[in-house]
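# Examining the three-dimensional arrangement
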Amino acid sequence: MAKKYNVCVLGATGMVGKEMMKVLEERNFPVNKFLPLASGRTAGSKVTFQGKEYTVEEAKPASFDGMEIGLFSAGAKVSEALAPEAAKRKCVVIDNTSHFRMDPEVPLVVPEVNGHAIKKHKGIIANPNCSTAQMVLALKPIYDAVGIERIVVSTYQAVSGWGKEAVEELLTQTKALLADPKAKVEVKCIFKRIAFNVVPQIDQFEANGYTKEEMKMVNETQKIFEDDSIKITATTVRVPVMIGHSESVNIKTKKKISAAEARKLMGSFADVKVVDNPAKGEYPTPIDCVGKNETLVGRVREDISQENGLEMWIVSDNLRRGAALNAVLIAEFLIRSQLL
């Protein structure tokens, strides 16, 4: 009989935590004991996993005694405090927050792209930013075939990337403005009004004029590809979409590759699906990716402004592919490779 593992989800009441539980169920992950955890604010609430109701417990260091795999998505400060405590107790942490991503001692992993890095773990493995994850998935086969010299990316990110409070903010503002277009709406989570608007700021600005989100895409992409020579610039934008991040990506490759060749490479890569027939109106939108494991790519074309340039449009479910599924895939890799 195959071994089963004691698994905890920290952040079980959040959008990503709930998606993690859903993915574990769908993939028949070999769970023995299951433990839902959260901060004191939401501890005591109920969640259902594999048909059984659980009471969410407040996460404390002792919570990880006897746990073998911890899926963390409760914020960077919580991970900073509790991930080392879990690792001390032999619970391998797969952390969805930003805290450990650029730590040189912590692997930053998209399994289909750099699964080999998991083998270097010392008890903590980082999940990348969801917008980074979908981009590197699509670009990996091109990078391997012809190299990439430069990436220019603009993202159009769903409010669920901020969390359930931002989703509620979009709904509340939209309802108020539909009832009265001149209504004054409250702004809590997102920096400007998000209903019927786009906001070119995700996270705080840094001294160089980029936001933290933009610099995450730069630094994380280089770390995942293990290539600091790739020149990367990013502009990240919040849009009034519930689920599904979209990206306009322009790359300059080291060797010439046609759009047709790029489509073929990406279409044959794990968990990437090419949807690209503009003549028939076929290209991916956020609605098309919700609930799907694949990253969708369309609008692939050669850049008319430079040699060796390619343009493309990349769409993915940020809660699933960019976060929950990636974490579970890392856990499955750990089991397959006997790294627990």
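Reading the values: rules and limits
- Sequence order sets the numbering: in each chain, residues are counted from 1 along the sequence as written.
- At least 70 in pLDDT is required for a residue's local features to be given in this predicted model, at least 80 for side-chain atom pairs to be given and counted, and no such filter applies to totals for whole chains, interfaces and linings, which use all residues.
- Calculated side-chain values reflect all of the structure's heavy atoms, with hydrogen atoms and water omitted.
- Should DSSP find at least two bridges between two strands, the strands are taken to pair.
- Numbered from the N terminus, helices here are DSSP runs of H or I no shorter than four residues, and strands are runs of E no shorter than two.
- For this document, the term salt bridge refers to a Lys or Arg side-chain nitrogen within 4 Å of an Asp or Glu carboxyl oxygen.
- Relative accessibility under 20% of the residue-type maximum defines a buried residue, over 50% an exposed one, and the middle range a partly exposed one, all with a 1.4 Å probe and only protein chains included.
- For helices, the fitted line uses only the C-alpha atoms of the stretch in contact; every axis is such a line through C-alpha atoms, and the angle between N-to-C directions lies from 0 to 180 degrees.
- Angles below 35 degrees are treated as roughly parallel, those above 145 as roughly antiparallel, those between 65 and 115 as roughly perpendicular, and all remaining angles as oblique.
- The sense of a crossing depends on the near helix, which, turned anticlockwise from the far helix by less than a right angle, makes the crossing left-handed and, turned clockwise, makes it right-handed.
- Note on contacts: a residue pair is in contact if any heavy atoms of the two residues lie within 4.5 Å.
- Charged means Asp, Glu, Lys or Arg here, nonpolar means Ala, Val, Leu, Ile, Met, Phe, Trp, Tyr, Cys or Pro, and polar covers whatever is left, Gly included.

## Quick look at the sheet that holds strand S8 (residues 124-126)
If you walk across this open sheet you meet the 6 strands as S5-S2-S1-S6-S7-S8, and the pairing is parallel. The strands lining the two open edges of the sheet, one partner per strand, are strand S5 (57-58) and S8. Across 2 bridges, the pairing between strand S2 (residues 31-38) and S5 is parallel. Bridging from a neighbouring strand, Leu37 pairs with Glu57 of S5.

## Let's talk about the pattern of salt bridges
For the structure shown, the criterion picks out 18 salt bridges. Lys22 is the partner of Glu19 in a salt bridge, and the nearest nitrogen-oxygen pair spans 3.5 Å. In this pair, Glu19 and Lys22 both sit in helix H1 (residues 15-26), 3 residues apart, roughly one turn of the helix. The class of Glu19 is buried, set by a relative accessible area of 9%. Residue Asp144 is joined to Lys140 by a salt bridge in which the shortest nitrogen-to-oxygen separation is 3.1 Å. Taken as a pair, Asp144 and Lys140 lie in helix H4 (residues 130-146) at a separation of 4 residues, close to a single helical turn.

## Regarding the pairing of strand S11 (residues 245-253)
Most of S11 sits inside the fold, with 7 of its 9 residues counted as buried. In this structure, strand S9 (residues 148-157) lies alongside S11, joined through 8 bridges in antiparallel fashion. Looking across to S11, one finds that Ile148 is bridged to Thr253. Looking at chain direction, S11 and strand S14 (residues 309-316) are connected through 8 bridges and run antiparallel. Note on S14: the bridge partner recorded for Lys252 is Gly309.

## Brief notes about the packing of H4 against helix H6 (residues 212-225)
Where H4 meets H6, the axes come as close as 10 Å, and the angle between the chain directions of the two elements is 40°. In terms of orientation, H4 lies oblique with respect to H6. The chirality of how H4 crosses H6 is right-handed. Where H4 abuts H6, its residues Ser131, Thr132, Met135, Val136, Leu139, Lys140 and Tyr143 lie against Glu213, Lys216, Met217, Glu220, Thr221, Ile224 and Phe225. Looking at the contact of H4 with H6 residue by residue, the classes come out as 7 nonpolar, 3 polar and 4 charged.

## Comments concerning the side chain of Gln222
Relative to the assigned elements, Gln222 resides in helix H6. Setting aside chain neighbours within four positions, we find Gln222 in contact with Asp227, Asp228, Ile230 and Ile232.

## Remarks on the packing of H1 against helix H9 (residues 320-336)
It is the contact of H1 with H9, at a shortest axis distance of 9 Å, that shows an interaxial angle of 50°. When the axes of H1 and H9 are compared, the pair comes out oblique. The handedness of the crossing between H1 and H9 comes out as right-handed. In this structure, H1 contributes Val16, Glu19, Met20, Lys22, Val23, Leu24 and Glu26 to the contact, and H9 contributes Arg320, Ala323, Ala324, Leu325, Ala327 and Val328. Here the contact of H1 with H9 is composed, by residue class, of 9 nonpolar, no polar and 4 charged.

## A short note on the sheet that holds strand S10 (residues 231-238)
One open sheet holds the 6 strands; their spatial order is S10-S9-S11-S14-S13-S12, and the pairing between them is mixed. This sheet does not close on itself; its edge strands, each paired only once, are S10 and strand S12 (272-274). Mean inter-strand twist for the sheet, computed between neighbouring axes without regard to direction, equals 20°. The strands touched by H4 within the sheet are S9, S11, S12, strand S13 (295-302) and S14, with S11 carrying the most contacts at an inclination of about 25°.

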